[in-house]
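Chain by chain, the residues run as shown.
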Amino acid sequence: MKRSEINHSILDAIALFESMQFKLPPFALWSPEQWQQVGEEAREILDNGLGWDVTDYGKGDFPNTGLLLFTIRNGNYGNRETYPKGYAEKIMVVQENQMTPWHFHWNKREDIINRGGGDLVVELYLADENDKFSDKEFEVTIDGIRRKVAPGGTVVLTPGESICLEPYVYHTFYGREGGGTVMVGEVSDVNDDANDNRFYDEIGRFPTIEEDEPPTHYLCTEYPELKK
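Each value, and the rule that gives it
- Residues numbered from 1 in each chain as written.
- Predicted model: local features only at pLDDT ≥ 70, side-chain atom pairs only at ≥ 80, totals over all residues.
- Heavy atoms only, no water.
- Helix = DSSP H or I, 4+ residues; strand = E, 2+ residues; numbered from the N terminus.
- Rg over C-alpha atoms; globule rule 2.2 N^0.38 Å.
- Buried < 20%, exposed > 50% of the residue type's maximum accessible area, 1.4 Å probe, protein only.
- Contact = heavy atoms within 4.5 Å.
- Areas by Shrake-Rupley, 256 points an atom, 1.4 Å probe, with all protein chains shown as cover.
- Lys, Arg positive; Asp, Glu negative; His and termini not counted.
- Charge placed at Lys NZ, Arg CZ, Asp CG, Glu CD.
- Polar contact = N/O pair within 3.5 Å; in protein donor to acceptor, adjacent residues only side chain to side chain.
- Pairing = 2+ DSSP bridges.
- Axes fitted to C-alpha atoms, helices over the stretch in contact; angles between N-to-C directions.
- 1 Å grid on protein atoms, 1.4 Å probe; cavity = no way out; pocket = protein on both sides within 12 Å on 5 of 7 lines; lining within 4 Å.
- Points joined across faces, edges and corners; volume = space filled by probe spheres on them.
- Nonpolar A, V, L, I, M, F, W, Y, C, P; charged D, E, K, R; others polar.

Things to note about the overall build of the chain
Each helix and strand counted, the chain has three helices and 13 strands in total. Against the globule reference of 17 Å for 228 residues, the chain gives a C-alpha radius of gyration of 18 Å, in line with a compact fold. Reported as C-alpha extents along the three principal axes, the dimensions of the chain are approximately 55 × 45 × 35 Å. When burial is assessed residue by residue, the chain has 49% of its 228 residues classed as buried. The contacts of the chain with a sequence gap of at least 6 include a subset with a gap of at least 24, amounting to 77%. Entry remark: accessible area of the chain is about 11100 Å², with carbon and sulfur atoms responsible for 46%. Both charge centroids of the chain, one from 22 positive and one from 41 negative side chains, sit 4 Å from each other.

Here is the structure:
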């Protein structure tokens, strides 16, 4: 994925959030130069993966397979004494027909929320004992209302609607064609990208970056060493 594509996506996301009056924390706008002056007071940001996350899942086709996320808050199961939060929150940008690949989480329960814009299409399967697609019907909860879902079933979330996804529920989502970009929220248990993602197909969680221009903002995997 080219750095210019990442830069452009982040700047577009900032403009989208502003247009919808969704306010990011101040560190979201820090430049690489500002990060060089940051000390240990910001350790939680680094340790818990807060901040920008733009990925093409190693496919090299971000418009069709990709996602932009900003992690606002998160705990850390590997260091609960220092970071006891048992929850996480993200804000995401999903384009029309831009797929997030099929995956589930072994531990994380999450609410996926359409915060505004177009409609969000969510396709679903229950995982079987071999972590493949099950042929069983199952239930999900949409804003407190239980709904039965057939294997491979689809739920469409309009702005304001949300779905609770339990562990072992495979899901993929994308913006419905013709509806425009979707601002998507996530409220969940602690997010652990290193240990709690089960993708149906083998893919890369983070992109390989071609540095065709300098970064405007660091991704959550790129922060420099903090000043002592």
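What about the side chain of T55?
Note that T55 resides in strand 1 (residues 51-55). The buried category is assigned to T55, whose relative accessible area is 0%. Polar contacts involving the side chain of T55 include one to the main-chain amide nitrogen of Y57, which spans 2.9 Å. Each residue touching T55, except ones within four places of it in the same chain, is listed here: M1, F62, T65, G66, L67, G204, R205, F206 and P207.

Considering the sheet that holds strand 8 (residues 145-149)
The eight strands are arranged 1-2-3-12-5-10-7-8 in an open sheet whose pairing can be described as antiparallel. Edge positions in the sheet fall to strand 1 and strand 8, since each of these pairs with one other strand and no more. Averaged over all neighbouring strand pairs, the angle between strand axes comes to 25 degrees, with direction disregarded. Both strand 7 (residues 138-142) and strand 8 contribute to a ladder of five bridges, which runs antiparallel. In the strand pairing of strand 8, E139 is matched with K148.

Focus: the layout of surface pockets
A probe matching the size of a water molecule, rolled over the atoms, marks out where space remains unfilled. Here the largest pocket defines a volume of roughly 300 Å³. Along its surface, the largest pocket is lined by 18 residues, and N48, G49, N191, D192 and D193 are the ones closest to its centre. Its residues placed into classes, the lining of the largest pocket shows five nonpolar, nine polar and four charged. Quantified by volume, the second largest pocket comes out at close to 190 Å³. If you trace the second largest pocket, you find 13 residues lining it, with S9, D12, F62, V93 and Q95 closest to the centre.

Examining empty space enclosed by the protein
This model, assessed by the stated rule, comprises three cavities of 30 Å³ or more. Quantified by volume, the largest cavity comes out at close to 170 Å³. What lines the largest cavity is a set of 19 residues, among which Y57, L69, K90, H103 and H105 lie closest to the centre. Within the residue set of the lining of the largest cavity, elements represented by two or more residues are strand 2 (67-73), strand 3 (87-94), strand 4 (100-104), strand 5 (110-117) and strand 11 (169-175). Residue classes in the lining of the largest cavity are distributed as seven nonpolar, six polar and six charged. In this structure, the second largest cavity spans a volume of roughly 40 Å³. Around the second largest cavity sit F27, A28, W30, W35, G51, W52, F70, H217, Y218 and Y223, which together line it. Taken together, the residues that form the lining of the second largest cavity break down as eight nonpolar, two polar and no charged.

A few points about the environment of N79
Relative to the helices and strands, N79 resides in the loop between strand 2 and strand 3. Residue N79 is classed as partly exposed on the basis of its relative accessible area of 28%. Separated by 75 residues in sequence, N79 and S4 have C-alpha atoms that sit 35 Å apart.

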